[in-house]
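Chain and residue survey
Here is how the chains run, residue by residue.
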Amino acid sequence: MTDVTDGVLHTLFQSDQGGHEQVVLCQDRASGLKAVIAIHSTALGPALGGTRFYPYATEEAAVADALNLARGMSYKNAMAGLDHGGGKAVIIGDPDKIKSEELLLAYGRFVASLGGRYVTACDVGTYVADMDVVARENRWTTGRSPENGGAGDSSVLTAFGVFQGMRASAEALWGAPTLRGRKVGVAGVGKVGHILVEHLLEDGAEVVITDVRADSVRRITDKHPQVSSVADTEALIRTEGLDVYAPCALGGALNDDTVPVLTAKVVCGAANNQLAHPGVEKDLADRGILYAPDYVVNAGGVIQVADELHGFDFDRCKAKASKIYDTTLAIFARAKADGIPPAAAADRIAEQRIAEARRG
């Protein structure tokens, strides 16, 4: 008998990373589709999460990623106050090479086969135009274009939610919900980051930016000459007098190399999976750095796509996203009361909401 102690079935059924309700393996030979749809929980409602299109090294790696991402969406949706559980899909392959209308339509049929248990959206490798195609096969697709009944780009509300989390961090640490007079470093000024910069400037913050794309930096400094820039993230995190660090690009920004040299007293940004590994949250706390959990403050995007299911209303979405401020403060209060880092407190609150829904 094959030993599967360390395999995906063990992850699904036995480990702390498992506990999923359903995992669907999807294959359509005609189009070349190979996909995994993972539903972690529907306790709060239909599972909601994006579709990642990525050239995984192995099928096992794809399944493992789908499981982890789906579990993360359960927590994210719970903390966002949405009536949705967590799910995620991955399509295996290089989207630049194999993505086609036929493949996306085939994927849409698999989403339809779940009868509404899973609601999909965009993620790495998939875009609004792709969701328009997927939606032709089912009515449980969000992240569509406005021309097709969707909300389009979710960057505006994502940035707004991060700003609310930053205001809450300022309230918790300095006693006032404003960044006025504070020096904020933003790493990554693309779709979300450049909008966050606008909020910060309107609030009276001093802003320092960096980005791997020089044109993204120039777009901001040409419009706002008072904004300064540094060469890279390594320089940004060492900036003297930095009050807040906002990672808005790649994940893993908080790691064994960056945390010891970070000058900021607050970390609050839009990037996903900022903690490189378990234990980093404690390292931040030990240094007296207040960390606003990423999946809490960057939830404006999922709030927006969830609203599409009810007929998108921007003002309604913005009102929901504004509650990220209160949620972030509640996490800090729970962390202080329990003597744990904010990331652990957020997990506990999310798990409590899911558990109560299951009992109900």
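Structure report, in brief. (Residues numbered from 1 in each chain as written. Predicted model: local features only at pLDDT ≥ 70, side-chain atom pairs only at ≥ 80, totals over all residues. Heavy atoms only, no water.)

Let us now look at the packing of helix H6 (residues 155-174) against helix H7 (residues 193-202). Direction vectors running N to C along H6 and H7 enclose 45°, while the axes themselves pass 8 Å from each other. Here H6 is positioned oblique relative to H7, judged by the angle of their axes. Where H6 crosses over H7, the two elements pack in a sense that is right-handed. Residue-level contacts link Ser 155, Val 156, Ala 159, Phe 160, Val 162, Phe 163 and Met 166 of H6 to Ile 195, Leu 196, His 199 and Leu 200 of H7. In terms of residue class, the contact of H6 with H7 is built from nine nonpolar, two polar and no charged. (Axes fitted to C-alpha atoms, helices over the stretch in contact; angles between N-to-C directions. Helix = DSSP H or I, 4+ residues; strand = E, 2+ residues; numbered from the N terminus. Parallel < 35°, antiparallel > 145°, perpendicular 65-115°, else oblique. Left-handed = near helix turned anticlockwise from the far one by under 90°. Contact = heavy atoms within 4.5 Å. Nonpolar A, V, L, I, M, F, W, Y, C, P; charged D, E, K, R; others polar.)

With that out of the way, let us pick up the packing of aromatic side chains. For the structure on display, the rule yields two aromatic pairs. Judged by centre distance (5.1 Å) and plane angle (70°), the ring pair of Tyr 54 and Tyr 56 falls under edge-to-face. Taking relative accessible area as the criterion, Tyr 56 reaches 12% and is therefore assigned buried. Considering the side-chain rings of Tyr 75 and Tyr 295, the 6.4 Å spacing of their centres and the 85° angle between planes classify their relative orientation as edge-to-face. Within this pair, whereas Tyr 75 is found in helix H2 (residues 59-79), its partner Tyr 295 is found in helix H11 (residues 294-297), the two being separated by 220 residues in sequence. In terms of burial, Tyr 75 and Tyr 295 fall into one category: buried. (Phe/Tyr/Trp six-rings, centres within 6.5 Å; stacked < 30°, edge-to-face > 60°. Buried < 20%, exposed > 50% of the residue type's maximum accessible area, 1.4 Å probe, protein only.)

It is worth spelling out H2 at this point. Here H2 spans 31 Å end to end across 21 residues, near enough to the 30 Å set by a 1.5 Å rise per residue. Note on H2: the residue one or two positions beyond its end, Gly 81, has a positive phi of about 75°. (Expected span 1.5 Å × (residues − 1).)

This model, assessed by the stated rule, comprises zero disulfides. Of the cysteine sulfurs around Cys 26, a residue in no disulfide, the closest is that of Cys 122, at 18 Å. Of all cysteine sulfurs in the structure, the one in Cys 122 sits closest to Cys 317, which takes part in no disulfide; the separation is 15 Å. Relative accessible area serves as the criterion here: at 0%, Cys 317 is assigned to the buried category. (Disulfide = S-S within 2.5 Å.)

Let us now look at the packing of helix H12 (residues 300-307) against helix H13 (residues 314-322). Relative orientation of the contacting elements H12 and H13 amounts to 145°, with a least axis distance of 9 Å. Once H12 is placed against H13, the crossing between them reads as right-handed. Here Ile 303, Gln 304 and Asp 307 of H12 come into contact with H13, specifically with Arg 316, Cys 317, Lys 320 and Ala 321.

Here we take up the environment of Leu 69. Inspection of the secondary structure assignment puts Leu 69 in helix H2. A sequence separation of 18 residues divides Leu 69 from Gly 87, and the C-alpha atoms of the two residues are 7.4 Å apart. In this structure, Leu 69 is in contact with Arg 52, Lys 88 and Val 90, ignoring residues within four places of it in sequence.

When you line up the elements, Lys 88 lands in strand S5 (residues 85-92). Under the relative-accessibility criterion, Lys 88 is labelled buried at 5%. A polar atom in the side chain of Lys 88 sits 2.9 Å from the side chain of Asp 123. Not counting chain neighbours up to four residues away, the residues in contact with Lys 88 comprise Val 36, Ile 37, Ala 38, Gly 49, Gly 50, Ala 66, Leu 69, Ala 70, Met 73, Tyr 118 and Asp 123. (Polar contact = N/O pair within 3.5 Å; in protein donor to acceptor, adjacent residues only side chain to side chain.)

The topology assignment puts Thr 258 in the loop between strand S10 (244-247) and strand S11 (266-267). What makes Thr 258 buried here is its relative accessible area of 9%. Among the polar contacts made by the side chain of Thr 258, one reaches the main-chain carbonyl oxygen of Ala 253 at a distance of 2.8 Å. Apart from the residues within four sequence positions on either side, Thr 258 is in contact with Glu 234, Ile 237 and Ala 253.

Moving on, we get to the environment of Glu 171. Structurally, Glu 171 can be placed in helix H6. In sequence terms Glu 171 and Leu 12 are 159 residues apart; their C-alpha atoms lie 40 Å from each other. Ignoring sequence-local partners within four residues, the contact set of Glu 171 consists of Ala 176, Pro 177, Tyr 325 and Leu 329.

In this sheet, S5 lies alongside strand S4 (residues 51-54) in parallel orientation, the contact comprising four bridges. Across the sheet, Phe 53 pairs through a bridge with Ile 91, a residue of S5. Handedness of the crossover joining S4 and S5 through H2 is recorded here as right-handed. (Pairing = 2+ DSSP bridges. Right-handed = clockwise from strand over helix to strand, strands pointing away.)

What follows deals with helix H8 (residues 214-223). Among all positions in H8, only Ser 216, Val 217, Ile 220 and Thr 221 are buried. Across the axial projection of H8, the buried residues extend over an arc of 125°, all falling on one side. Turned more than 90 degrees from where H8 packs its buried face, Asp 222 and Lys 223 sit exposed. On the buried face of H8, the contacting elements are H7, strand S8 (206-210) and strand S9 (228-229). (Arc of directions from axis to C-beta.)

An order of S9-S8-S7-S10-S11-S12 is seen for the six strands of this open sheet, with the pairing classed as parallel. Lying at the two open borders of the sheet, with one neighbouring strand each, are S9 and strand S12 (290-291).

A few words on the nonpolar core. Counting residues in each nonpolar core, the largest one holds 69 residues, and the members touching the most others are Tyr 107, Met 166, Val 186 and Leu 200. Per-element tally for this core: the top contributor is H6, with seven residues. The contact partners of Leu 200, leaving out residues within four places of it in the chain, are Phe 163, Met 166, Leu 179, Val 184, Val 186, Ala 205 and Val 207. Judged by nonpolar contacts, the second largest core, of 17 residues, contains Val 208, Leu 236, Leu 262 and Val 267. (Core = buried A, V, L, I, M, F, W, Y, C linked by side-chain atoms within 4.5 Å.)

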